[in-house]
Amino acid sequence: MLRAIIIEDEYNARETLKILLSKYCDNVDLVGEAIDVKSGLECIKNCNPDLVFLDIEMPDGDGFELLRKLNGYTFDIIFTTAYSEFAVQAFKYNTIDYLLKPIVHEELIKSVDKAERQLQTKDLSKKFSRLLAYINSGGPEKRIVLATREKYNFVNIAEIIMCKADKNYTTFYMENGKNITTSKTLKEYNDVLLDSGFFRPHRQYIVNMKHVQSFERINESVIKMTHDFEVPVSSRNRDRLIEMINQI
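Read on for a plain summary of the structure. (Residues numbered from 1 in each chain as written. Predicted model: local features only at pLDDT ≥ 70, side-chain atom pairs only at ≥ 80, totals over all residues. Heavy atoms only, no water.)

Let us look at the packing of helix 1 (residues 11-24) against helix 5 (residues 105-118). A pair of packed helices can be characterised by two numbers: the angle between their axes and the separation between those axes. Relative to each other, helix 1 and helix 5 sit at 70°, their axes nearing to 10 Å. Here helix 5 runs roughly perpendicular to helix 1, going by the angle between their axes. Residues L17, L20, L21 and Y24 of helix 1 lie in contact with helix 5, whose contacting residues are H105, L108, I109 and V112. Of the residues belonging to the contact of helix 1 with helix 5, the class tally is seven nonpolar, one polar and no charged. (Axes fitted to C-alpha atoms, helices over the stretch in contact; angles between N-to-C directions. Helix = DSSP H or I, 4+ residues; strand = E, 2+ residues; numbered from the N terminus. Parallel < 35°, antiparallel > 145°, perpendicular 65-115°, else oblique. Contact = heavy atoms within 4.5 Å. Nonpolar A, V, L, I, M, F, W, Y, C, P; charged D, E, K, R; others polar.)

Following K101, the chain continues into P102 via a peptide bond in cis, with omega recorded as -5°. In this fold, P102 is placed in the loop between strand 7 (98-100) and helix 5. The backbone of N48 shows a phi angle near 50°, a positive value even though the residue is not glycine. Note on placement: N48 falls in the loop between helix 2 (37-47) and strand 3 (51-55). For H227, which is not glycine, the phi dihedral falls at a positive 65°. Inspection of the secondary structure assignment puts H227 in the loop between strand 16 (222-225) and strand 17 (230-232).

With that out of the way, let us pick up the environment of R236. Secondary-structure assignment places R236 in the loop between strand 17 and helix 8 (238-247). On the accessibility criterion, R236 (75% relative accessible area) is exposed. (Buried < 20%, exposed > 50% of the residue type's maximum accessible area, 1.4 Å probe, protein only.)

Tallied over the entire structure, the rule returns seven salt bridges. Between E33 and R14 there is a salt bridge, with its nearest N and O atoms 2.9 Å apart. In this pair, E33 is assigned in strand 2 (residues 28-34) and R14 in helix 1, connecting sequence segments 19 residues apart. Given the relative accessible area of 9%, R14 is considered buried. A salt bridge links K18 to E33; its shortest N-O distance comes to 3.0 Å. Pair noted here: K18 is in helix 1 and E33 is in strand 2, with a separation of 15 residues, a long-range link. The network of salt bridges with shared partners includes R14, E15, K18 and E33. (Salt bridge = Lys/Arg side-chain N within 4 Å of Asp/Glu carboxyl O.)

The values are spatial; any link to function lies outside them.
What follows is the structure in structure tokens.
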């Protein structure tokens, strides 16, 4: 029997996973749950799990940050994620298991059975260390897949100038002058881009710091980008932006 915990900030996603585990995975004993990085670390410490279902994006950080805070571990991890772009490429590259939301019970069964087999090995920490190194480097090609109705666009992350949210859509403004609009929210790209030299100055925008041309001291509410784009800066993000600029 696998002792498992769920680290997931969304209530509905957490409850759905609990129901699926109860119905389809009788080899799993759910012994704890948490809603963010802080409570997740505490839950791991208290529950001593064999298996952790780990969400990527959480209120106080992400699943990768949680892994960085651990000094080695002997449990296996199944990531749960709502987006299938860069992160999934990283998981496949490092043979890390993941489940896309909404979770399908057939995939859950496969992942749990795989985890049970993987626990027989002793190199779990090394496996996830390789994953973190991959994520931090942006991957071997530093690319992201942007899916539109017509096709899958493979683009270099460095060539993205900025992204703009429009309700449930996100438009990517590229260095070559092209725009690519996807039917995913800006939030779903947040972790991928912010780990690759991007900054979110406003709830509607994420910008590539390599394409920032100026940020005027007199008017601290607008970033000027390449291609003459201007991006608003919210008052709550000005200090963080100045801090990032000073680090360049």
